[in-house]
Structure formats: structure tokens, C-alpha cells
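In case you want the letters, here they are:
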Amino acid sequence: MRSSSPVRAFVALATFALALVVTLAFTRTASAYPWMIRHGYGACTTCHLDPSGAGVLTPYGRAQGDLLLRDHYTKNGKAGPEEASKTAGFLFGLLETPDWLLPGGSYRGMYLYSKPPSPAPAIARYVQMQADLKIGLQPGIFRAGASLGYAHGGALSASITSRDKDNLVSREHWIGVAIGDAVMIRTGRLALPFGVRTVEHNAFVRASTRTDLNDTQQYGLALAYSDTKSRGELMAIVGNFALHPDDYRERGYSALFEYFVDPHVGIGLSSLRTQALRDVTTRVAYARQAHGLFVRASPWEPLVLMAEGDWLLLSPDGAATASGYAGLLQADFEVRQGMHVMVTGETLRPAQAGADPSFGAWLSLTWFFAPHFDVRTDFIHSRVAAGGAHANVESVLLQLHAFL
Amino acid sequence: MKAMRSLALFVAAFVLASFALLAIPSRARATPNYPDVVAGALGLSYTPPCALCHVGGRTGLGTVNTPFGKSLRAHGGAARDDGSIEAALAAMEKDGTSSLHDGASDVAKLKKGQDPNGGDASALSAEPPAYGCGGRIAARPGDVSGVAATLVVVAIASFVRVRRRPRIVRHHA
């Protein structure tokens, strides 16, 4: 405890307890900002316990988040503070934890308005995306990470409880061993190493490859490598044990490798192949593959360009293999520190015979307006392939994200 | 120091208040579970898969395009309207709709556990997927990709040379 004062200790503990209860009482996605490559942070291990990014922050990650991520409201382009604020710590610095203990928590709520073509009714609703508590451990060579949260709806593939809604969810839980500074081997429920690990879990590239941070994690054994010139992870997948019976579970592998041509330019390859005896939606046996390329580049510090292209293959039992593709192109422009304007274009042609491509265009504004807080607005125009024709769908998202 | 503590307490209180406020409207209606609606309306002993109506099992706008799905839409079945789906199924049962035009009605086929789209009947009535803890892992003959990947991970890990990474230089904005 940082203070010897019993009153302050009590306030800190009471605040933590209240935060714990409130977070668990109310909840789909974790945080990862691949555009941090603008600061030369291509590798993820500098700031995250997870070697492929997202999840709990290291003390260094918290400090960089405070120094580089949020708006410091400086004028005339002046640089922000040289040292991270004490509020960068867990619970805004109220509870000081040893370096081997990495507590955290995230809440992400969103108001969604979506207007499909008439006569379908417009959708306007609040979506509780994430209300998770997280913990990371890194004593000596030992590593472990876990999350526990509440989901009002969705995130079934990460649920611990078995209700149609209002479930306890654990998106990740794993243990591992660090071998030196560059290598980690771990086992448990892990996010699949594939492509650019973005927070936009419904982006075509993430949804079509089932490699998002929401609830498509799987159990397996993974080996990760990370140094200043490259990073990579290979995961042997044994299935999602939150999904049963076992026929629906996928076996296979997922892997990525990214090489840093320069601290601000990374070029990567991803590959995934899984198979299951039954598909969740068609209930027939299948094998699926996704293989792709991705690039992250910051030619000028305020600007980061990210691109991902994936080739999709689906081989359902008794039918010919169908191929498709998914693509993402995103430009993140940091207007001033903490304030981002993002323009995204995406396309998807599902691995399905006769499928037509769909397209999406996003204009997003994100503002890291205070320590541990950011707000985001997305305006999305989608042109969705629908039965030989295309339908236009307009959506507006308003998000608030807070982390402990 | 006192100001910092006050700021931290204020922000913490703001976080908690925001959590509480944002949680209030979270009792929004979830996306309807259409397979359960179909099973309930027709008194099926099983829950049909999404692929009954959605091509390739992919749900979402414009994907209700299987022969049965098209017939359901032609009879007035609409998204986010369970009543319209129940009414459409009743109408299809009454007029004996056969989406494949093979003389056997779609509803009769579903009640016999057959796929009105002409697909694999065992897939139609297979145990539906369930979520949460409590599953068991079964061995699968011939399923080698996961095993192979595991062996590769272990093999690589066994030969990893322990080395130190260069010291990280802290960046400033």
C-alpha cells in the first residue's frame, strides 16, 4: 500500500472493491492499438503481457499510455510531460502494485444506430461490449493472464456460464513461461495470432477469419517470439472448450510473423487452418483456411497506415472448396496527441460459391480525453451483398471506453 | 500531492458513475433466436441450424436465401418479427409449400427431421451447439493438424536459445 494512512488505505480498498463489484455487475472486446507503431512500438511485449498484444498492460505500458496516448491539453504543439502521471497506475494510482502483479479492467459501452434499407426497421440500442476485470502475473520466468467479466448479451463463445444471456465470460486465461526476454511458451485460452490485432472486432478481416478479441479465442499451446526486428507466434489449436459438444470444436493452427523493416514499418504474414466435425451454423464437417499479408507503416508520426488482405478457403464436407477474400485499409491520423481521425475501407467476399463482395467505409473519431478514458464515434456506410443485389446500411456508433 | 489525490478520487468516482449510467440501458432486446422460433412454432423435437434459412449458415442482412428461407420470406416472414415468422410457417404448412418442388411439403419434411433444402438430414437434427463450461474433449481419429502444430510448437520451444533482448529505450512524445 502506497500510504501508511489507514484512511487512505481504506479509501483505496473501498474504491477497488466497488469498482470490482460494479464492473462485474454490468458488460465484449479488449484493447489493442496497433497504430502505436507511430512511436516505434511495433512489438507488443513492451506494453502488454500478451506477446501478441492486447490485454493487461505492463507498468511500462501504463506509463507510455499516459505519456503518448492521452490528450495533455498542451498549447501551440508543445510536448506533454516528461514523466507519467501517478494516475497512470492501476485504479488511477490509488493502489500501488508490485511489478509482477498486473491488475486491470475495462469497460466499453456503445450506443448503436443502424439503418438498413426499408422496410427493415432501424436499430437503435445500447450494447454493453465489455465489462471485464483482468489480471496478469509475471513473477520470475512465470507468466499468467486471465480475464473475468459479465456479458449481458453475446460473447457466448467466451462464456463460463450457460445462459442465453447474462453470462460470466472469460475471454482469456493462460499460463506460460518466459524463456529469456524474447520467447514465451504458454497454454490456455488465447486470442488467435493472426493479422492486425485491432479493437474493431466486427471488421471484415477479423470476423471472417474468426480472430477477434471479443470471443473467438481458442484453447491451445503457443510459442511467441519478439525482438526489435521481428515478432511472431505459432499456436496449436485444440478447440474452444466453452463450446460443446466436442464435434463443434476446431483443431488446427494459427500463426503470424511480422518483420520490422524499420521501427515504424512492419510487414507481416498470417496463416490459419482449422477443421471441425460440425460447423456451428451448418452443422456439417468442414475445414477452413485463411492466409494473408498485413502491413503497418508510419511514414510521418501523426499518420499510420494499416492494411491487411486475407485469402479465405472453406471446404465443407461433401462440397467443393470455395474461396473468398477479406481486406482492410485504415489510415489513422493523430490530429493532436490523444485525438485520432481514422478512415477505413474494407471488403469481404465470403468463401462461398457465388457469393458477391460486400464493402464498408468507416470514418472514426477517437479522443483519449482523460487518464484511463476515451470516447469514439464511428460513421459506417456498408454496401452489403444480399441475394444477388446490394443493400446500403448506414450505422453510427458512440462508444465510451474506460480502463482501470 | 493533495490536489493529485483529489483528482484521482474525482476521476475514480467519474469512472464508477459512468459505469453505472452506461449499464442502465443495457437491458436492450437481444437479437432474436430464430431457430428456437421455428422449432417452437412447428413443435420440432430439435432445433434446426441457421443454415435452414441462411445460405452457408452466414447470418445477417440479405442472407435468408436458401430455398426454404426464400419461401419463408415470400410468406411474410421478416427479420426481428417472431410473429411474422410463426405466421409464415403456419401459412406454409397450410398451403403445403414445397421449396424444392418435389411434392413433399417443407413443414412435413421438417417434422420428419428432413432438410427442406435437400441437405444432410443428420446435420439438421444434430445436437445443437451449447456454450459454457462442462464440455468434454473427445479424441478424433485422423485429426492431425492440431497435433502436428502442437509438436511443432514443442519442437521449436525445445531448441530455443535463451538470449537477452537489447535494452528498450524509452520514447517520449
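Given the structure is predicted, the values throughout are model-derived calculations rather than measurements.

Q: Please set out the overall build of chain B residue by residue, giving values where relevant.
A: Looking only at helices and strands, one finds seven helices and one strand in chain B. Shown N-terminal to C-terminal, the secondary structure of chain B runs as helices and strands in the order α-α-α-α-α-α-β-α. Here chain B holds 173 residues, and the buried ones make up 38% of them. A sequence separation of at least 24 residues applies to 39% of the contacts in chain B between residues at least 6 apart. Here chain B displays about 9,700 Å² of accessible surface, and carbon together with sulfur accounts for 60% of that area.

Q: Before we move on, could you go through the packing of helix α2 (residues 34–42) of chain B against helix α4 (residues 82–95) of chain B and cite the residues and values that matter?
A: Residues and elements named next belong to chain B. Direction vectors running N to C along α2 and α4 enclose 45 degrees, while the axes themselves pass 10 Å from each other. Taken together, α2 and α4 sit at an angle that is classed as oblique. Note on packing geometry: the crossing formed by α2 with α4 is right-handed. Across the interface between the two elements, Tyr34, Val37, Val38, Ala41 and Leu42 of α2 pack against Asp82, Ile85, Glu86, Leu89 and Glu93 of α4.

Q: Tell me about the environment of B:Ala123, and name the residues and values.
A: Among the secondary structure elements, B:Ala123 is positioned in helix α6 (residues 121–124). Of the residues examined, B:Ala123 reaches a relative accessible area of 3% and is grouped as buried. On a C-alpha basis, the gap between B:Ala123 and B:Gly113 in space is 9.7 Å, while along the polypeptide they are 10 residues apart. Setting aside residues up to four positions removed in sequence, B:Ala123 forms contacts with A:Arg278, A:Thr282, A:Arg283, A:Val284 and B:Pro49.

Q: Help me get a handle on helix α2 (residues 59–69) of chain A, residues and values and all.
A: Counting buried residues along α2(A), eight of its 11 residues qualify, which places the element largely inside the surrounding structure. A:Gly61, A:Arg62, A:Ala63, A:Gln64, A:Asp66, A:Leu67, A:Leu68 and A:Leu69 are the residues of α2(A) that are buried.

What counts, and where the lines are drawn
Residues numbered from 1 in each chain as written. Chains lettered and ligands numbered in written order. Predicted model: local features only at pLDDT ≥ 70, side-chain atom pairs only at ≥ 80, totals over all residues. Heavy atoms only, no water. Helix = DSSP H or I, 4+ residues; strand = E, 2+ residues; numbered from the N terminus. Buried < 20%, exposed > 50% of the residue type's maximum accessible area, 1.4 Å probe, protein only. Contact = heavy atoms within 4.5 Å. Areas by Shrake-Rupley, 256 points an atom, 1.4 Å probe, with all protein chains shown as cover. Axes fitted to C-alpha atoms, helices over the stretch in contact; angles between N-to-C directions. Parallel < 35°, antiparallel > 145°, perpendicular 65-115°, else oblique. Left-handed = near helix turned anticlockwise from the far one by under 90°.

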